[in-house]
Amino acid sequence: MREPADIEARLQKLIIPASLSIAAAMEAMDRAGFGILLICGAERRLEGVLTDGDIRKAILRGDALDQPCGDIASRSPIIATDPVSPAEALDLMDNSRSYFVNQLPVLNAGGQVVDLVLRSDLIKVDHIPMSAVVMAGGEGTRLRPLTDSLPKPMLPVGDRPLLEIIIQRLRAAGIQNVNVTTHYKSEKIADYFGDGQKYGVDIRYINEETPLGTAGGLSLIETPKEPLLVINGDILTRVDFRAMLSFHRQHDAALTIGVRAYNFQVPYGVIECDGPDVRGVREKPVYSFFVNAGVYLLEPEAHQMIPAGQHFDMTDLMAVLLAQGKRVVSFPIVEYWQDIGQHTDYEQVQRDVQDGRVNP
């Protein structure tokens, strides 16, 4: 039974107005860490819910992130009426839709939010049918001298190595089998993690004697019977791996690529021309792109297309799959994400930890 103070602390993180922008809602959702926000009016009367899935759909549609989040929220969510027993809550989560629901707002008779029940409040996280590979073989040359004695994934973030945080996030998602590809100072990684039992996972090490690219090392792993999650070992992220798997299955993809929205503002007025004739001007326009976020989900059929022992990148695999008419989809990462490729990135991550923006 959760204490009233804990319930209130959770609600304070989750309740937002419909007028809040999508961009601001993304930040609020990431800080809260529950994959949902409750849109409320006066006296906490529920007007709708906003999930990470709603935001991903908006990003894929190209919606402007400065528009009100209420525009993309669900106005008819599944709810429970207070009081609700754990069995009743689970029944609503499992049977009210054609898919499982992981969060359940609880309202009183006046339509006011009094609680949000999470599936994880009620049951232990189950094993997820997916294995993982962490690509941890890079030398981190741009981070020298920090990487003179440590491989990049072993650099401390807060009080723990980055790779330890990644492995614990995988375990928290229900992933038990983790492969770690190594090359540079591989003994530092193996000596620290051992067989992984201390961290609740089974770790197998795959050493690349010669670097094989961002996908080539996967050829050293036996083709899995289930989807394979691949994550670069220099990324700190709170991405929901379970949500990524659901998205992957929903779209019947051979390969799902985690992507991050990247905005670039041109610092000048852009002149739009038709030949020599000026048709208009856009003052300091902002262009948005999807960039590769270094997180992937592969079906066994995609893994089998990676040539053995050859240098092969994920971009090569994408090209092969697309040429064969296989489906490759993008999964927007709306949670915290930071690549640690150079000193400024590493310093930013440390500031984010100190400021409480991300809890490693």
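Note that this is a predicted model, so its numbers are computed, not measured.

**Q** Please provide a residue-by-residue account of the overall build of the chain, values included.
**A** In terms of helices and strands, the chain carries twelve helices and 19 strands. Along the longest, intermediate and shortest principal axes, the C-alpha atoms of the chain span 70 × 65 × 45 Å. A burial count over the chain gives 46% of its 360 residues as buried. Sequence-distant contacts in the chain: of pairs separated by 6 or more residues, those separated by 24 or more amount to 69%.

**Q** Residue-level account of the environment of Trp337, with values.
**A** Relative to the helices and strands, Trp337 is located in strand β19 (residues 337–339). A C-alpha to C-alpha distance of 4.2 Å links Trp337 and Thr237, two positions 100 residues apart in sequence. Polar side-chain contacts of Trp337 include one of 2.9 Å to the backbone oxygen of Ala293.

**Q** So what's going on with the pattern of salt bridges? Which residues, and what values?
**A** In the structure shown here, the tally under the stated rule is 14 salt bridges. Here Glu139 makes a salt bridge to Arg144, at a shortest N to O gap of 3.4 Å. Note that Arg160 and Asp159 form a salt bridge whose closest N and O atoms lie 4.0 Å from each other.

**Q** Tell me about the packing of aromatic side chains, and please be specific about residues and values.
**A** This model, assessed by the stated rule, comprises three aromatic pairs. Arranged with centres 4.8 Å apart and planes meeting at 65°, the rings of Tyr192 and Phe193 form a pair that is edge-to-face. By relative accessible area, Tyr192 is classed as partly exposed at 37%. Judged by relative accessible area, Phe193 falls into the buried class, the value being 4%. One aromatic cluster is present, built from ring pairs that chain together Tyr192, Phe193 and Tyr199. The ring centre of Phe34 lies 5.0 Å from the NZ or CZ of Arg10, which sits over that ring.

**Q** I'd like a description of the pairing of strand β5 (residues 103–107), backed by residues and values.
**A** Counting buried residues in β5 gives five out of five residues, a clear majority hidden from the surface. Side chains Gln103, Pro105 and Leu107 of β5 all project onto a buried face; the interleaved residues Leu104 and Val106 project onto the opposite face, where all are buried too. Examined bridge by bridge, strand β4 (residues 80–81) and β5 share two bridges and lie parallel to one another. Residue Thr81 lies in a different strand from β5, and its bridge partner there is Leu107. The sheet contact formed by β5 and strand β6 (residues 113–118) spans five bridges and is antiparallel. Residue pairing in the sheet places Val106 in a bridge with Asp115 of β6. Between β5 and β6, which pair antiparallel and follow one another directly, the connecting turn spans five residues, one of which, Gly111, has a positive phi of 80°.

**Q** I'd like to hear about the sheet that holds strand β7 (residues 131–135), residue by residue, with values.
**A** Taken together, seven strands build an open sheet; the order of strands is β11-β10-β7-β12-β17-β14-β18 and the sheet is mixed. With one partner strand each, in any of the chains shown, β11 (202–207) and β18 (328–332) form the two edges of the open sheet. Neighbouring strand axes in the sheet, compared pairwise and without regard to direction, differ in orientation by 35° on average. Here strand β14 (residues 255–265) runs beside strand β17 (residues 286–298); their pairing, made up of ten bridges, is antiparallel. Note on β17: the bridge partner recorded for Phe264 is Tyr287. Sheet strands in contact with helix α11 (residues 314–323) are β12 (228–232), β14, β17 and β18, and its direction is about 90° off that of β17.

**Q** Please set out the sheet that holds strand β3 (residues 46–51) residue by residue, giving values where relevant.
**A** Here we have three strands laid out as an open sheet, ordered β1-β2-β3, and mixed in their pairing. The open sheet terminates on both sides in strands that have one partner only, identified here as β1 (15–16) and β3. The pairing of β1 with strand β2 (residues 36–40) spans two bridges and is parallel. The residue of β2 that forms the bridge with Ile16 is Ile39.

**Q** Any chance you could break down the packing of helix α6 (residues 162–172) against helix α7 (residues 186–193) for me, citing the residues and the numbers?
**A** Relative orientation and spacing of two packed helices are given, respectively, by the angle between their axes and the distance between those axes. Taken N-terminus to C-terminus, the directions of α6 and α7 make an angle of 50°; their axes are 11 Å apart at the nearest point. It follows that α6 is oblique to α7 by the angle criterion. Crossing hand, α6 versus α7: right-handed. Counted together, Leu163, Glu164 and Ile167 of α6 and Ile189, Tyr192 and Phe193 of α7 form the full contact between these two elements. Grouping the constituent residues of the contact of α6 with α7 by class yields five nonpolar, no polar and one charged.

**Q** Could you give an account of a nonpolar patch on the surface, with specific residues and numbers?
**A** On the surface, a nonpolar cluster with roughly 410 Å² of combined accessible area is contributed by Tyr262, Phe264, Tyr287 and Phe289. Contributions of two or more residues to the nonpolar patch are made by β14 and β17. Structurally, the position occupied by Phe289 is in strand β17.

Calculation rules
Residues numbered from 1 in each chain as written. Predicted model: local features only at pLDDT ≥ 70, side-chain atom pairs only at ≥ 80, totals over all residues. Heavy atoms only, no water. Helix = DSSP H or I, 4+ residues; strand = E, 2+ residues; numbered from the N terminus. Buried < 20%, exposed > 50% of the residue type's maximum accessible area, 1.4 Å probe, protein only. Contact = heavy atoms within 4.5 Å. Polar contact = N/O pair within 3.5 Å; in protein donor to acceptor, adjacent residues only side chain to side chain. Salt bridge = Lys/Arg side-chain N within 4 Å of Asp/Glu carboxyl O. Phe/Tyr/Trp six-rings, centres within 6.5 Å; stacked < 30°, edge-to-face > 60°. Lys NZ or Arg CZ within 6 Å of the ring centre and 35° of its normal. Pairing = 2+ DSSP bridges. Axes fitted to C-alpha atoms, helices over the stretch in contact; angles between N-to-C directions. Parallel < 35°, antiparallel > 145°, perpendicular 65-115°, else oblique. Left-handed = near helix turned anticlockwise from the far one by under 90°. Nonpolar A, V, L, I, M, F, W, Y, C, P; charged D, E, K, R; others polar. Patch = residues over 30% accessible without salt bridge, like charges linked within 9 Å, V, L, I, M, F, W, Y side chains within 5 Å. Areas by Shrake-Rupley, 256 points an atom, 1.4 Å probe, with all protein chains shown as cover.

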